[in-house]
Amino acid sequence: MIYFSIFLITFYNSLKYEINKNNRGISLLFLFIVLILAFNYQMGSDWLAYQRIYDIRIIPYDFKDIAVNNPFREEIGYILLNLIGKKIGLNYEIFMGILLSFCIISILKVGEKKARNKYLFIFLIFFKYLLVAALEPTIRQLLAVSIITLGYKYIEEKKLIKYLLCVILAMQFHSSAFLGIGIYFLDKINLTLKKIIFLVILFPIFLKILPISLAIISNFIPIVGRFSGYFISLNYGMSISRSLLGNIYNLGIMILYLYFIFFSDAKKQKKYIKNMAIIYILISYFQTQLPILYRVQEYFILGFAISISYIGSTTIFNKKIIYNNRGIGIFFICFIYLITSWERVNSLYATELNRMRYGNYKNYFIELILGRAKKNFQEKSSEYEKLIINMLEKQNKNKN
């Protein structure tokens, strides 16, 4: 019901914008989203590891221990944040709520400034990214994405050093943030339809030679062999292969999204935003063929959500023939809401595991008021963790 309320609010206001260009009420919606996502309770499964760090594993350490020789697998920036939160006496839910609030507000505010139909942008970024990223939570990568997002202004101001400092800071929370370096140079590239068609044709060839190339390189650089699984194993990406109909559907969606970008006012945006959208679209299509792509698409989602917010200005191939009247704009928006909602419902409720992790929403403040919030991590996690492990085992058996 909570997710459906976000759907209804954004859907109504997205259509309303196409009629009278009104974007009022954004701040209230931001607050609502923050309260829902940042202060969720016992959702997802990554919180089990993160709360264990915060409530148990961090206790014996001090700042000097972490700074001199970080004993944790997680990046030093995230561990230091845990230590700060613990030292000032925050419980895990409030600590994580503060971190998630920072991430959510940063991403929403930057995107809102650049989007055309702001409510459509909010819908896309909420259902395609923030919902699962916050509920799981994938907090380290979410922090990295947020910091890089705040650095976009330095791309537009052409301040490479300041932008690189943002990337370096982001890498202290998730090492994958080095991809942010490439985003800076996207502003100097013009991805045309011809170039994209060439990439789409070339990519399957690249996939064929990738395992052979990795095997050859690992003979000279052994460490490459350790990481080859990230490129070829579905454990690091999408776990469901596509049927023939699935491939046809995803090919059609890719073509449609690219059409919206190249034949609407989205093409008039800053180059790096438009190119981020294109890369996100290509990643979405190829991610089941190269699993690691699933783990990097977060760095490009903002550009996609901003670009698709221009869908109401779409034209026929010849840009002189404009058909972006209200009726057509509303039709396209309804179409985007339909396919995005269908995809998200499918992923959230397709398995028993996902229904448990994301479907049964709980809020920390409500659980606290009703007296259902657990007193400590052991009490909170014991039964939940067993259920998660059992469901994972059952899911893996079904795959095999």
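Here the structure is a predicted model, which is why all the values come from computation and not from measurement. Each chain carries its own residue numbering, running from 1 in the direction its sequence is written. Where totals are concerned, whole chains, interfaces and linings use all residues; where local detail is concerned, this predicted model gives features only for residues with pLDDT of at least 70, and gives and counts side-chain atom pairs only at 80 or more. Values reported for side chains reflect all heavy atoms of the structure, with hydrogen atoms and water molecules removed beforehand.

### Some points on the environment of Glu-343
To keep things clear, this is the line we draw: Working definition: helices are DSSP H or I runs of at least four residues, strands are E runs of at least two. Numbering for both runs from the N terminus. Two N or O atoms form a polar contact when they lie within 3.5 Å of each other; inside protein one atom must be a possible hydrogen donor and the other a possible acceptor, and for residues adjacent in sequence the pair counts only when both atoms belong to side chains.
Secondary-structure assignment places Glu-343 in helix H18 (residues 326-349). Taking the C-alpha atoms as reference points, Glu-343 and Phe-127, 216 residues apart in sequence, are found 9.4 Å from one another. Side chain to side chain, Glu-343 and Tyr-249 meet in a polar contact 2.9 Å long.

### As for the pattern of salt bridges
Two side chains that carry opposite charge are able to pair once their charged atoms sit near each other. We apply this condition: Basic side-chain nitrogens of Lys or Arg form a salt bridge, by our definition, when they fall within 4 Å of a carboxyl oxygen of Asp or Glu. Exposure categories follow from relative accessible area, calculated using a 1.4 Å probe and restricted to protein chains: below 20% of the type maximum is buried, above 50% is exposed, and the middle band is partly exposed.
In the structure shown here, the tally under the stated rule is 14 salt bridges. Where Arg-73 meets Glu-74, a salt bridge forms, and the shortest distance between an N and an O atom there is 3.3 Å. A relative accessible area of 69% places Arg-73 in the exposed class. Classification of Glu-74 as buried rests on a relative accessible area of 6%. Arg-372 is the partner of Glu-367 in a salt bridge, and the nearest nitrogen-oxygen pair spans 3.0 Å.

### Here's the deal with helix H16 (residues 271-286)
The condition is simple: In this scheme, a helix's expected span is set at 1.5 Å multiplied by one less than its residue total.
Over its 16 residues, H16 runs 22 Å from end to end, which matches the ideal 22 Å to within 8%, given 1.5 Å per residue. With respect to burial, H16 is a largely interior element, 13 of its 16 residues being buried.

### Focus on the layout of surface pockets
Test applied: Method remark: on a 1 Å grid restricted to protein atoms, a set of points is classed as a cavity if a 1.4 Å probe fits but cannot get out and as a pocket if it is open with protein on both sides within 12 Å along at least five of seven lines; lining residues have an atom within 4 Å of a point. Grid points are joined across faces, edges and corners, and a volume is the space filled by probe spheres set on the points. Gly is put with the polar residues, along with every residue not named as nonpolar or charged; the nonpolar set is Ala, Val, Leu, Ile, Met, Phe, Trp, Tyr, Cys and Pro, and the charged set is Asp, Glu, Lys and Arg.
For the second largest pocket, the calculated volume is near 260 Å³. Along the walls of the second largest pocket sit 14 residues, with Tyr-3, Phe-4, Phe-127, Val-345 and Tyr-349 positioned nearest its centre. Looking at the lining of the second largest pocket, the elements with two or more residues in it are helix H1 (2-20), helix H7 (118-135) and H18. Per-element accounting of the lining of the second largest pocket gives the leading share, 5 residues, to H18. Looking at the lining of the second largest pocket, its residues break down into 11 nonpolar, 2 polar and 1 charged.

### A look at a nonpolar patch on the surface
Rules: Only residues whose relative accessible area exceeds 30% and that form no salt bridge enter a patch; like-charged residues are grouped when within 9 Å of one another, and nonpolar side chains (Val, Leu, Ile, Met, Phe, Trp, Tyr) when within 5 Å. Surface exposure here means Shrake-Rupley accessible area, sampled with a 1.4 Å probe, where a residue is shielded only by the protein chains that are shown.
A cluster of nonpolar side chains, contributed by Leu-28, Leu-31, Leu-35, Phe-365 and Leu-368, occupies part of the molecular surface with about 480 Å² of accessible area. For the nonpolar patch, the secondary structure elements donating two or more residues are helix H2 (26-38) and helix H20 (364-369). Tallying contributions element by element places H2 first for the nonpolar patch, with 3 residues.

### A few points about unusual backbone geometry
Cis geometry is found at the peptide bond from Glu-136 to Pro-137, where omega equals -15 degrees. As for its position among the elements, Pro-137 is in the loop between H7 and helix H8 (139-150). Positive phi is not limited to glycine here, since Gln-42 has a value of about 55 degrees. With respect to the helices and strands, Gln-42 occurs in the loop between H2 and helix H3 (47-57). Even without being a glycine, Lys-158 presents a positive backbone phi close to 60 degrees. Among the secondary structure elements, Lys-158 is positioned in the loop between helix H9 (152-156) and helix H10 (160-171). Look at Lys-158 and you get exposed, because its relative accessible area is 58%.

### Looking at the packing of H16 against helix H17 (residues 301-308)
Applied cut-off: Axes here refer to lines fitted to C-alpha atoms; in helices the fit is confined to the stretch in contact. Angles between the N-to-C directions go from 0 to 180 degrees. Our angle categories are set so that under 35 degrees counts as roughly parallel, over 145 as roughly antiparallel, 65 to 115 as roughly perpendicular, and the remainder as oblique. Contacts: residue pairs with any heavy atoms within 4.5 Å of one another.
Axis separation between H16 and H17 bottoms out at 7 Å; the angle between their running directions is 105 degrees. By the criterion of interaxial angle, the relationship of H16 to H17 is roughly perpendicular. Along the contact surface, H16 presents Ile-273, Lys-274, Met-276, Ala-277, Tyr-280 and Ile-281, while H17 presents Ile-301, Leu-302, Gly-303, Phe-304, Ile-306 and Ser-307. When its residues are assigned to classes, the contact of H16 with H17 shows 9 nonpolar, 2 polar and 1 charged.

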